[in-house]
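Below are the chains, spelled out letter by letter.
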Amino acid sequence: MSSWAAYSNAKALLVNAGEDGHIYAGRYTPLTQSDINKVIGVYIIDGLSPSPQLEWKMQPQSRRPLHGCDFATGCIGYGYQQLIWSFYCFFACQDPLMTPPSREKCPNFKVNELFWWLRFLMKEAWLLGEHVLLNKQTCKIQDKTIYTTCCGKCKRIGDGVQTDAIADDSHTADFYFRNEPVDQKWIDMGMSPMHACIL
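Below is a summary of the structure that appears in this document. Keep in mind that this is a model prediction, so the values were computed, not measured.

## Comments concerning helix 1 (residues 4–14)
Structurally, the α-helix is built with 3.6 residues per turn, so residues lying three or four positions apart point the same way. Taken as a whole, helix 1 has its buried residues at Trp-4, Ala-5, Ser-8 and Ala-12. With its buried residues spanning 100° around the axis, helix 1 presents them on a single face. Facing away from the buried side of helix 1 by more than 90 degrees, the exposed set consists of Leu-13 and Leu-14. Where helix 1 is buried, its residues contact helix 2 (33–48) and helix 4 (80–90). Phi turns positive one or two residues past the end of helix 1, at Asn-16, with a value near 55°.

## Overview of the side chain of Gln-59
Of note, Gln-59 is situated in the loop between helix 2 and helix 3 (70–76). Within polar-contact distance, the side chain of Gln-59 engages the side chain of Arg-64 at 3.1 Å. Polar side-chain contacts of Gln-59 include one of 2.8 Å to the side chain of Tyr-80. Apart from the residues lying within four places of it in its own chain, the contact partners of Gln-59 are Arg-64, Gly-68, Cys-69, Thr-73 and Tyr-80.

## A word on the packing of aromatic side chains
What describes a pair of aromatic rings is the distance from one ring centre to the other and the angle between the planes of the rings. For the structure on display, the rule yields six aromatic pairs. Residues Trp-4 and Phe-91 carry aromatic rings whose centres are separated by 5.5 Å and whose planes lie at 90° to one another, so their mutual orientation is edge-to-face. Separated by 87 residues along the polypeptide, Trp-4 in helix 1 and Phe-91 in the loop between helix 4 and helix 5 (112–125) bring together distant segments of the chain. Taken together, a centroid distance of 6.0 Å and an interplanar angle of 40° make the contact between Tyr-43 and Phe-87 tilted. Of the two residues, Tyr-43 is situated in helix 2 and Phe-87 in helix 4; the sequence distance between them amounts to 44 residues. Among the residues examined, Tyr-43 registers a relative accessible area of 38% and is labelled partly exposed. Ring pairing ties together the aromatic residues Trp-4, Tyr-43, Phe-87 and Phe-91, which thus form one cluster.

Procedures and definitions
- Starting from 1, residues in each chain are numbered consecutively following that chain's sequence as written.
- In keeping with the predicted nature of the model, local features appear solely for residues at pLDDT of at least 70, side-chain atom pairs appear and are counted solely at 80 or more, and the whole-chain, interface and lining totals rest on all residues.
- To obtain the side-chain values, all non-hydrogen atoms of the structure were used and water was disregarded.
- Exposure is judged per residue with a 1.4 Å probe applied to protein chains only, and the accessible area is read against the type maximum: over 50% gives exposed, under 20% gives buried, and values in between give partly exposed.
- Per the convention used, a helix needs a DSSP run of H or I reaching at least four residues, while a strand needs a run of E reaching at least two, with both numbered from the N terminus.
- Working definition: the arc comes from the directions between the helix axis and the C-beta atoms, pointing outward to the latter.
- In this description, contact between two residues means that some pair of their heavy atoms is separated by no more than 4.5 Å.
- Under this definition, polar contacts are N or O atom pairs within 3.5 Å; protein pairs additionally need one hydrogen-donor-capable and one acceptor-capable atom, and for neighbouring residues in sequence, both atoms have to be side-chain atoms.
- Side-chain rings of Phe, Tyr and Trp (the six-membered ring for Trp) are treated as a pair once their centres are within 6.5 Å; stacked means planes under 30 degrees apart, edge-to-face means over 60, and tilted covers the remaining angles.

Keep in mind these values describe shape, not function.
Quick look at the structure:
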């Protein structure tokens, strides 16, 4: 997370944000790590108590009685419109100058760091019992995406990306997306692809 502000500012620099004749001319200011943390905090608050528009969470309750949040307003202050627009346009959690690997080697490249972090946190947050469950789980998809053709069925409401998961008492301890390539060393040992994912 400590590099997200640098990545976001590099992404803005690539499109000359704030320069005359370019996006947000004269209005863009570089994002700080504090700005990123504040907007992510507003996303968390909006996840707990959803609003039709995220910007409403950044307004005081005197202006938006139902969806306003005085706490978020106090943290962010004035100028929240430019902050959220800059976040929408330029937020990056990976280096924008990095060359992405091929889709066959790393199909989830854009979100791999998030998956690695979740896998780490899940192992730290839960001690597995003696008996665990190997299960398929589905992550819902609400948009047109390449994942609809490569790792799940998405024709009905509730369909989505499928994962093989290790679970214990309704808690997911680890997961492996079906579109990720399997480690070849397990295949060479005679394991099936599903067992190789779990191992």
